[in-house]
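# Reading the structure
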Amino acid sequence: AFTVIVLTVAGILMISVLASVMFVRWLCSIINKLTSVMVRLAAGQFEEDIPEEFLTRKDALGEMSRALLVFKHNTQLARDVETLREQQTKLAEYSEELEIERARVEHLAKTDGLTDLHNRRSFDEHMQKILSDTSDTRDVIVLEIDLDRFKSINDTLGHAAGDAVLENTARL
């Protein structure tokens, strides 16, 4: 009878040890999976999903899994915000470049390429603005300068000479 009791107790102990080993292995496999997910998330690999069976658990492992999911979402969000900030900075730079280019093109459209004086389009726009401003009661004087016989300078001395005359007149 004593032998039976000893063998029974030994059997129960062996089953307990075996169950404990199996439980520890199972627990380690879950912890290893969570650790693997954390390592991948830390490396920026957000494709790694946390197994649904971990997220639905009602114990500490479930809490860890859900906390890890929140970490994953927050990290993704932080990276998305950083990407948006970088894109916003680039957009501001492009916008500034575009404004500089727009101002350059507008200047080219409103000035003579040779003399850099305002052209007829610019004159017309400026006059339209002055004449349409009813709050401005100042008198307007327009002075027009005409270069007599300019065509003959171009015809007899060439366009380079005509350009030189225009450039020198523009400096006055």
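So, a few notes on the structure that sits alongside this text. What you see as residue numbers is a count from 1 along each chain, following the sequence as written. Thresholds applied to this predicted model are a pLDDT of at least 70 for local features of residues and 80 or more for the giving and counting of side-chain atom pairs; totals over whole chains, interfaces and linings are not thresholded and use all residues. Side-chain figures throughout are based on the complete set of non-hydrogen atoms in the structure, without hydrogens or water.

## Quick notes on the environment of E53
The line we're drawing: The secondary structure listing takes helices from DSSP runs of H or I that are at least 4 residues long and strands from runs of E that are at least 2 residues long, numbered from the N terminus. Working definition: with a 1.4 Å probe on protein chains only, accessible area under 20% of the residue-type maximum means buried, over 50% means exposed, and in between means partly exposed.
Counting through the fold element by element, E53 comes out in helix α2 (residues 52-55). Since its relative accessible area comes to 52%, E53 is described here as exposed.

## Notes on the packing of helix α1 (residues 2-42) against helix α3 (residues 60-110)
The following threshold applies: Where helices are involved, their axes are fitted lines through C-alpha atoms of the stretch in contact, as for all axes, and angles between N-to-C directions lie from 0 to 180°. Under this scheme an angle from 65 to 115 degrees is roughly perpendicular, one under 35 degrees roughly parallel, and one over 145 degrees roughly antiparallel; angles in between are oblique. The contact criterion used throughout is that any non-hydrogen atoms of two residues lie within 4.5 Å. Residues are sorted three ways: Asp, Glu, Lys and Arg are charged, Ala, Val, Leu, Ile, Met, Phe, Trp, Tyr, Cys and Pro are nonpolar, and all the rest, Gly among them, are polar.
Axis separation between α1 and α3 bottoms out at 11 Å; the angle between their running directions is 10°. Compared by their axis directions, α1 and α3 come out roughly parallel. Within the contact between the two elements, α1 uses L27, I30, I31, L34, V37, M38, L41 and A42 and α3 uses L61, M64, S65, L68, F71, K72 and R79. Here the residues of the contact of α1 with α3 are counted per class, giving twelve nonpolar, one polar and two charged.

## Description of the packing of helix α5 (residues 150-157) against helix α6 (residues 159-171)
Viewed as axis vectors pointing N to C, α5 and α6 meet at an angle of 140°, and their least axial separation amounts to 6 Å. The orientation of α5 with respect to α6, classified from their angle, is oblique. Counted together, F150, I153, N154 and L157 of α5 and H159, A161, G162, V165 and L166 of α6 form the full contact between these two elements. Class assignment of the residues belonging to the contact of α5 with α6 gives a composition of six nonpolar, three polar and no charged.

## Side note on a nonpolar patch on the surface
Definition in use: The patch calculation keeps residues exceeding 30% relative accessible area without a salt bridge and links them within 9 Å when they carry like charges or within 5 Å when they are nonpolar (Val, Leu, Ile, Met, Phe, Trp, Tyr). Here the open area of atoms and residues is found with the Shrake-Rupley method and a 1.4 Å probe, where only the protein chains shown may cover a residue. Any Lys or Arg side-chain nitrogen located within 4 Å of an Asp or Glu carboxyl oxygen qualifies as a salt bridge.
A surface patch of nonpolar side chains, amounting to about 280 Å² of accessible area, comprises I5, V9 and L13. For V9, the location among the structural elements is in helix α1.

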